[in-house]
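# Remarks on the overall topology
Chain by chain, the residues:
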Amino acid sequence: MAAAGLAGCATPPAGGAVGRVVVVGGGFGGSTAARYLRLWDPGIAVTLVERQPRFVSCPISNLVVGGFRRLEDVTLGYDGLRAQGVEVVQGEVVAIDAAARQVRLAGGRSLPYDRLVLSPGVDFLWDAIGGLQQAVDRGEVMHAWKAGPQTLALRARLEAMRDGGVYALSIPKSPYRCPPGPYERACMVAAYFKQHKPRSKVLVLDANAEVQSKKALFEKAFREHYAGLLEYRPNSELKDVAGSTARLEFEDVRADVLNVVPIQRAADIARSTGLVNVNQRWVGVNWQTMESQVAQGIHVLGDATFSAPLMPKSGHMANQHAKVAAAAIVRALRGEPPPAAPVVMNTCYSFVTPRDVIHVASVHQYDAAEKTFRTVPGSGGVSAAATEQEGRYALSWADNIWADMLAV
């Protein structure tokens, strides 16, 4: 992709730039797209719009929940992107005019674009679980599925919980953003209890029929490290929340700390722009370019997309989506076709103890006949066992992908 020929477009905007690209969302997808557009053609004027002044990583944030890392350890700034010529604007995008090719911010500023990259992440289907939003708003329930203040709030509740109390984690039916992985979170909370509150209990209420990722390895970790402390219950779909009580179909579960992962969909800005066209939840894209199926010139990345077969909603995958989109945009601005057969890969690491880690990996290649990504036969796989060596790999992976996306 990086070898794509670069040149000016037919009608360059004022200032001599070969094209204007606005990127909405400064996470794994958006930051990577902004950086690689500048790397692959410094003549492209790139503006990144992000609500928050600093990036907080969902990967590794479960270690913060467990007390094994600080939030500062997973928080980084955008100065590296600024140094590469990206204009970073802290603001809220309130509207996208696809016909006029303009983005409007809450303060009234409008940003014109030739191409738009939308990497908005997920928002929650609050109405799907009765009482959930009210309980979260009152601070009775945490989700901590967007790293930041909720991560710290959940950590504080765990620290304040009595020894002998119950932490209940409710997991929705897939698909959902991962990481932060729910089974990893259960392990990190159990590891904290094991060290500091050994009479306490972790109760995992999973709406799915079984563990959804690295099943055998997680089940082994539950048995070997947390027997008697962690209880896993499949087919336990949450119906309603009353305070810190989880109401399932056939029973109520009272918890001292209730952590509910909400059902998810593409973020609000994707829906209000009319891009959501799959199951009323997700954005369908042209996988060769990451361009929306319903709006030309808008490329959608990451968790907001309707995933290709066996493609996870992970930060690593959003980073890969961004490179596919950046390559396609660079070529489009000079009137060339996108790369014919892009290849992406993914690795998800999960801590099962504060030091021992497991992983799953996959490689996906674009199939022109089926117009989607397919996993490459024989690629990827899962760990043979949890090891401390993989723990070192996981932390190095985090450092490397943060550097890749943010130029730090």
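Residues numbered from 1 in each chain as written. Predicted model: local features only at pLDDT ≥ 70, side-chain atom pairs only at ≥ 80, totals over all residues. Heavy atoms only, no water.

## Focus: the overall build of the protein
When helices and strands are tallied, the protein shows ten helices and 28 strands. On C-alpha atoms alone, the protein measures out to a radius of gyration of 21 Å, which is about the 22 Å that the 2.2 N^0.38 rule sets for 408 residues. In terms of overall dimensions, the protein has a C-alpha envelope of 70 × 45 × 40 Å along the principal axes. Partitioning the intrachain contacts of the protein with sequence separation of at least 6 by distance along the chain shows that 67% fall at a separation of at least 24. Of the roughly 16400 Å² of accessible surface on the protein, 48% is carried by carbon and sulfur atoms. Positive and negative side-chain charges of the protein, numbering 43 and 38 respectively, have mean locations separated by a distance of 1 Å. (Helix = DSSP H or I, 4+ residues; strand = E, 2+ residues; numbered from the N terminus. Rg over C-alpha atoms; globule rule 2.2 N^0.38 Å. Contact = heavy atoms within 4.5 Å. Areas by Shrake-Rupley, 256 points an atom, 1.4 Å probe, with all protein chains shown as cover. Lys, Arg positive; Asp, Glu negative; His and termini not counted. Charge placed at Lys NZ, Arg CZ, Asp CG, Glu CD.)

## Overview of the nonpolar core
Core analysis: the largest hydrophobic core is formed by 130 residues, its most contacted members being V202 and W402. Sequence-distant contacts of W402, that is, excluding residues within four places in its chain, are made with F28, F55, S57, P59, I60, D73, V74, L76, A407 and V408. (Core = buried A, V, L, I, M, F, W, Y, C linked by side-chain atoms within 4.5 Å. Buried < 20%, exposed > 50% of the residue type's maximum accessible area, 1.4 Å probe, protein only.)

## With respect to the sheet that holds strand β14 (residues 230-233)
Strand order in the open sheet formed by five strands is β11-β18-β12-β13-β14, with parallel pairing between adjacent strands. Each edge of the open sheet carries a strand with a single partner, namely β11 (141-142) and β14. Bridge analysis of strand β12 (residues 166-171) against strand β13 (residues 201-206) gives six bridges, and the strand direction is parallel. Bridged to Y167 within β13 is V202. (Pairing = 2+ DSSP bridges.)

## A few points about unusual backbone geometry
Note that the residue after C178, namely P179, is joined by a cis bond; omega there is 10°. Checked against the element boundaries, P179 lands in the loop between β12 and α6 (182-196). Residues P179 and P180 are joined by a peptide bond in cis, for which omega reads 10°. Unlike most non-glycine residues, R101 shows phi in positive territory, near 55°. Mapped onto the elements, R101 comes out in the loop between β6 (93-97) and β7 (102-105). One non-glycine residue with positive phi stands out, namely M290, at about 70°. Mapped onto the secondary structure, M290 falls in the loop between β22 (285-286) and β23 (291-292). The buried category is assigned to M290, whose relative accessible area is 0%.

## With respect to the packing of aromatic side chains
Taken as a whole and judged by the stated rule, the model has eleven aromatic pairs. Considering the side-chain rings of Y192 and F193, the 5.8 Å spacing of their centres and the 45° angle between planes classify their relative orientation as tilted. One aromatic cluster is present, formed by Y183, F218, F222 and Y232 through successive ring pairs. Lying over the aromatic face of Y192, R155 brings its terminal NZ or CZ to 4.1 Å of the ring centre. The ring of W282 has K313 lying over it, and the distance from NZ or CZ to the ring centre is 3.9 Å. (Phe/Tyr/Trp six-rings, centres within 6.5 Å; stacked < 30°, edge-to-face > 60°. Lys NZ or Arg CZ within 6 Å of the ring centre and 35° of its normal.)

## Brief notes about helix α1 (residues 28-40)
Taking 1.5 Å per residue, 13 residues should reach 18 Å; α1 reaches 18 Å between its end C-alpha atoms and fits that length. Counting buried positions along α1 gives twelve out of 13 residues, so the element sits mostly inside the fold. Taken residue by residue, α1 has F28, G29, G30, S31, T32, A33, A34, R35, Y36, L37, R38 and W40 as its buried positions. (Expected span 1.5 Å × (residues − 1).)

## What about the side chain of T289?
Mapped onto the secondary structure, T289 falls in the loop between β22 and β23. The class for T289 is buried, based on a relative accessible area of 8%. A distance of 3.2 Å separates a polar atom in the side chain of T289 from the backbone nitrogen of E291. Apart from the residues within four sequence positions on either side, T289 is in contact with H299, V324, A325, A328 and P338. (Polar contact = N/O pair within 3.5 Å; in protein donor to acceptor, adjacent residues only side chain to side chain.)

## Comments concerning the packing of α1 against helix α9 (residues 315-332)
Contact geometry of α1 with α9 gives a least axis separation of 8 Å together with a crossing angle of 35°. Viewed along their axes, α1 and α9 form a crossing whose handedness is right-handed. Contacts between α1 and α9 pair F28, G29, T32, A33, Y36, L37 and W40 from the former with G315, A318, N319, A322, K323, A326, A327, I329 and V330 from the latter. Residue composition of the contact of α1 with α9, by class: eleven nonpolar, four polar and one charged. (Axes fitted to C-alpha atoms, helices over the stretch in contact; angles between N-to-C directions. Left-handed = near helix turned anticlockwise from the far one by under 90°. Nonpolar A, V, L, I, M, F, W, Y, C, P; charged D, E, K, R; others polar.)

## Concerning α6
Its 15 residues place the ends of α6 21 Å apart at the C-alpha level, agreeing with the 21 Å of an ideal helix rising 1.5 Å per residue. Of all 15 residues making up α6, twelve are buried, and the element is well covered by its neighbours. Taken residue by residue, α6 has P182, Y183, E184, R185, A186, C187, M188, V189, A190, A191, Y192 and F193 as its buried positions.

## Points about the packing of helix α5 (residues 149-160) against α6
Where α5 contacts α6, the axes come no closer than 11 Å and their chain directions differ by 35°. Of the two possible hands of crossing, α5 and α6 adopt the one that is right-handed. Of the residues in α6, those in contact with L154, R155, L158 and E159 of α5 are R185, V189, Y192 and F193. Among the residues making up the contact of α5 with α6, the classes are represented as five nonpolar, no polar and three charged.

## Structural notes on the sheet that holds strand β8 (residues 110-112)
The three strands are arranged β6-β7-β8 in an open sheet whose pairing can be described as antiparallel. Two strands in the sheet have a free side with no partner beyond their single neighbour: β6 and β8. Adjacent strand axes in the sheet meet at a mean angle of 20° when their direction is disregarded. Sheet analysis places β6 next to β7, joined by four bridges and oriented antiparallel. Across the sheet, the residue bridging to V93 is L105, located in β7.

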